[in-house]
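One letter stands for each residue in the lines below.
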Amino acid sequence: MAAYLDLGSWDLACSTNNIGHHTDLNGLDRLIVRRGQAFTINLCLRSGEYEPGKHSLSLIAETGQQPSEESCTRAVFCVSDELDETRWSATVKSPSSGWLALTISAAPDAPIGRYSLTLDQFGYKVNLGEFLMLFNPWCPRDAVYMADEEALKEYVLAQDGIIFRGSYKYPIGSAWEFGQYEKGILDACLRMLEVNPKCLRNPPEDCAARSNPVYVTRVISAMVNSNDRDYGVLTGKWQEPFDDGVSPMSWRGSVEILQNWHQAGCRAVRYGQCWVFAAVACSVARALGIPCRVITNYLSAHDTNQNLVIERYIDEKGQPINRTRDSIWNYHCWVESWMNRSDLPAGYDGWQASDSTPQEKSENVFCCGPVPLKAIKEGQLNMKYDAPFVFAEVNADVRTFMKRPDGTTEEVISSAFVGKFISTKSVGSDQREDITHLYKYPEGSEEERESFKRAEHMIKLEEDKEVGLDVKIKVSSSMRKGCDFDVFAVVKNKTASDKKCRLVFASRAASYSGILGADCGYKDLLNVELPPEGERSVPLRLNYNKYCDSLTEDNLIRLVALLVDRGNGDMILAVRNIVLENPEIKIRVLGEPKVNRKLAAEITVQNPLPVPLTGCCFKVEGANLTEGKTITEKLSSTVEAGQEAKIKVYFTPSHWGLRKLVVDFDSDKLCHVQGYRNVIIGK
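### Considering the sheet that holds strand E34 (residues 631-634)
Whether parallel or antiparallel, the strands of a sheet pair through hydrogen bonds between backbone atoms.
Now for step 1: Read across the open sheet, the four strands follow the order E34-E33-E36-E37; overall the sheet is antiparallel. One side of each edge strand has no neighbouring strand; the edge strands of this open sheet are E34 and strand E37 (673-681). Each adjacent strand pair in this sheet contributes to an overall mean axis angle of 20°, direction not counted.
Now for step 2: Of the strand pairs in this sheet, strand E36 (residues 657-666) and E37 are connected by nine bridges, and their pairing is antiparallel. From the neighbouring strand, Val-662 faces E37, where its bridge partner is Tyr-676.

Written out as structure tokens, the structure is:
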């Protein structure tokens with residue numbers, strides 16, 4: 001005759017389990033565990049004792065709408081003497097009279113998501129409650145396992161970081177609050193999985209596939225953007241105005257974006273650009289347990305026809321003519337996620353690139369990746385997913401042509417290149433780490449030649465044409481917004497003969513994605529004479545009163561120098577992007593930073609412009625500092641030229657450790673000035 005335990009109550013021991021599973025930053029009010037790792041719940045008996053030979057206990061763990069054992073979304077397993085770490089298993093101990101400690105270990109390849117847990121005694125079932133299960137980068141059997149503890153702190157646990165923008169000559173690190181453990185963020189991330197089109201079409205199949213980080217990463221890539229008219233998180237927009245939404249430059253973190261999306265019934269948030277898409281994707285991946293980092297590729301190619309060549313057309317004044325959709329962005333951000341690739345031949349585990357910025361479709365969806373970095377480096381373009389597109393972003397050749405008034409074209413010699421200074425935040429510090437070597441071999445090396453051959457990128461192996469003239473663009477050491485300054489076209493005669501040339505030196509405001517604005521300064525010298533081996537530096541003055549109303553929010557000016565040899569007709573083009581420096585935001589924390597102790601921060605910024613600022617506004621936020629909210633302080637007074645705008649804000653840290661206080665300053669003429677301060681919070 002079957003014997004039943006007389007259960008009175010049970011305790012999921014959320015606090016103990018969450019701390020042990022590195023999920024306590026999500027809170028201690030519900031059970032959140034990681035697969036492949038044991039957790040313990042406590043059962044209280046109203047009467048009697050547990051007897052191993054007498055009582056038979058089994059458990060049922062289920063996830064998804066139609067759970068089944070065939071799809072591994074339903075697991076039925078008996079309590080046994082030992083845990084089996086390769087599959088669902090459980091053991092039981094009786095630490096004291098009237099109590100049972102039930103220890104459960106999920107399979108290391110179980111689907112992630114929301115689970116229900118049921119205790120079964122010969123058909124008598126008791127629902128013990130629900131729990132959330134995430135990927136486990138601490139578990140050697142999990143596909144996202146990462147052995148380096150310091151790397152885990154950076155790529156899974158860190159709630160803030162640095163995203164590099166600016167230009168490859170002047171990289172600017174901006175603080176970002178990933179906030180993956182802030183209130184409501186994990187639920188928003190799980191909701192993203194639940195409303196993705198694959199789940200809506202076939203819930204059982206999608207839920208089962210969530211065991212695979214490759215699949216989940218691909219879903220994240222598609223769902224962070226809304227270009228497929230689905231329930232995507234962000235709408236992209238690359239030109240002003242942004243009046244019907246939020247300028248991408250205004251975001252300082254992912255929390256508000258994900259909260260707004262979730263609370264609005266999964267309606268897309270306006271607006272994002274590449275670093276915002278990448279940062280939100282990073283937040284989602286880390287929240288679900290996948291190690292992830294944001295990377296920046298300077299001079300990033302967008303090859304629309306997959307010929308590995310970016311074709312650019314200019315007129316006789318060196319100004320671009322839009323004849324193709326190919327482009328080179330000043331920088332482009334995507335993410336890398338750490339995982340094994342059991343779907344590929346051996347050797348392609350580790351960092352995988354994926355991109356949520358909607359550029360081209362992959363399998364009829366706006367997504368990209370994940371693709372192993374090793375596949376890009378080795379020119380293995382048949383590796384899943386989207387290797388040709390990512391390879392082109394860092395390796396495409398650039399060809400420039402001049403279109404003449406009669407419609408004919410002629411190639412222009414240009415030293416343009418792509419894929420420079422590929423960057424990410426260093427582990428444990430805010431310094432830039434150059435990871436270009438993970439994507440490509442040193443230029444000119446035999447390994448690079450072999451990679452290009454495998455990729456059938458033979459155009460890269462052609463020898464450059466020898467010309468007798470050269471032109472380079474050099475800039476001043478300091479180019480601050482609000483100042484007048486000079487830039488220089490340095491022209492050189494490399495031959496033993498006299499040269500007569502025409503030099504066109506132009507500047508235009510630009511966005512980071514290459515969209516050009518108004519003229520900021522122009523010079524056309526019809527007769528530049530150079531003696532043999534001679535050199536000349538030609539200045540171009542950029543005045544604030546001319547560029548002030550032309551600059552985009554990117555503070556970017558594109559310089560173009562076109563040198564034409566009047567003797568043989570050779571044309572040489574140099575292009576350089578410069579970023580104007582914003583003033584420094586100074587942040588001073590008042591008092592000793594401790595958990596649950598109210599703190600004050602004094603924040604100042606000086607007006608560097610020769611005109612007054614009105615409508616000044618500070619926005620302040622920080623993971624575990626400002627309760628997942630943005631503190632907004634507006635100034636009623638005008639800030640005159642050279643004066644400081646100053647505020648004091650108050651906040652209460654909720655967790656100890658290193659945190660970033662992130663500040664954004666806006667006004668009518670000085671927008672999106674960014675700053676941050678690292679704050680070490682004591683216990």
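### What to know about helix H2 (residues 149-157)
Now for step 1: Among the residues of H2, Ala-151, Leu-152, Glu-154, Tyr-155 and Val-156 are the ones counted as buried.
Now for step 2: Buried residues along H2 sit in contact with strand E2 (32-34), helix H8 (274-288), strand E14 (292-302), strand E18 (350-355) and strand E22 (420-425).
Now for step 3: Two or three places before Glu-150, at the start of H2, stands the capping residue Asp-148, its side-chain oxygen 2.9 Å from that residue's backbone nitrogen.

### With respect to the sheet that holds strand E4 (residues 58-63)
Now for step 1: Read from one edge of the open sheet, five strands run E2-E9-E8-E4-E5, paired in mixed fashion. At either margin of the open sheet sits one strand with a lone partner, and together these are E2 and strand E5 (74-78). Recorded for the sheet is a direction-independent mean angle of 35° between the axes of neighbouring strands.
Now for step 2: Pairing between E4 and strand E8 (residues 113-121): six bridges, direction antiparallel.

### Regarding empty space enclosed by the protein
Now for step 1: Going through the model one piece at a time under the given rule, you end up with five cavities of 30 Å³ or more.
Now for step 2: As a volume, the largest cavity reaches approximately 70 Å³.
Now for step 3: Secondary structure elements with two or more residues in the lining of the largest cavity: H2, strand E10 (160-166), E14 and E22.
Now for step 4: Residues belonging to the lining of the largest cavity are distributed by class as follows: four nonpolar, two polar and four charged.

### Quick notes on the packing of helix H3 (residues 185-194) against H8
Now for step 1: Their axes nearest at 9 Å, the elements H3 and H8 cross at an angle of 100°. Considering the angle they form, H3 stands roughly perpendicular to H8. For the pair H3 and H8, contact is made by Leu-186, Cys-189, Leu-190, Met-192 and Leu-193 and by Val-284, Ala-287 and Leu-288, respectively.
Now for step 2: By residue class, the composition of the contact of H3 with H8 is eight nonpolar, no polar and no charged.

Rules and cut-offs
- Residues numbered from 1 in each chain as written.
- Predicted model: local features only at pLDDT ≥ 70, side-chain atom pairs only at ≥ 80, totals over all residues.
- Heavy atoms only, no water.
- Pairing = 2+ DSSP bridges.
- Helix = DSSP H or I, 4+ residues; strand = E, 2+ residues; numbered from the N terminus.
- Axes fitted to C-alpha atoms, helices over the stretch in contact; angles between N-to-C directions.
- Buried < 20%, exposed > 50% of the residue type's maximum accessible area, 1.4 Å probe, protein only.
- Contact = heavy atoms within 4.5 Å.
- Polar contact = N/O pair within 3.5 Å; in protein donor to acceptor, adjacent residues only side chain to side chain.
- 1 Å grid on protein atoms, 1.4 Å probe; cavity = no way out; pocket = protein on both sides within 12 Å on 5 of 7 lines; lining within 4 Å.
- Points joined across faces, edges and corners; volume = space filled by probe spheres on them.
- Nonpolar A, V, L, I, M, F, W, Y, C, P; charged D, E, K, R; others polar.
- Parallel < 35°, antiparallel > 145°, perpendicular 65-115°, else oblique.

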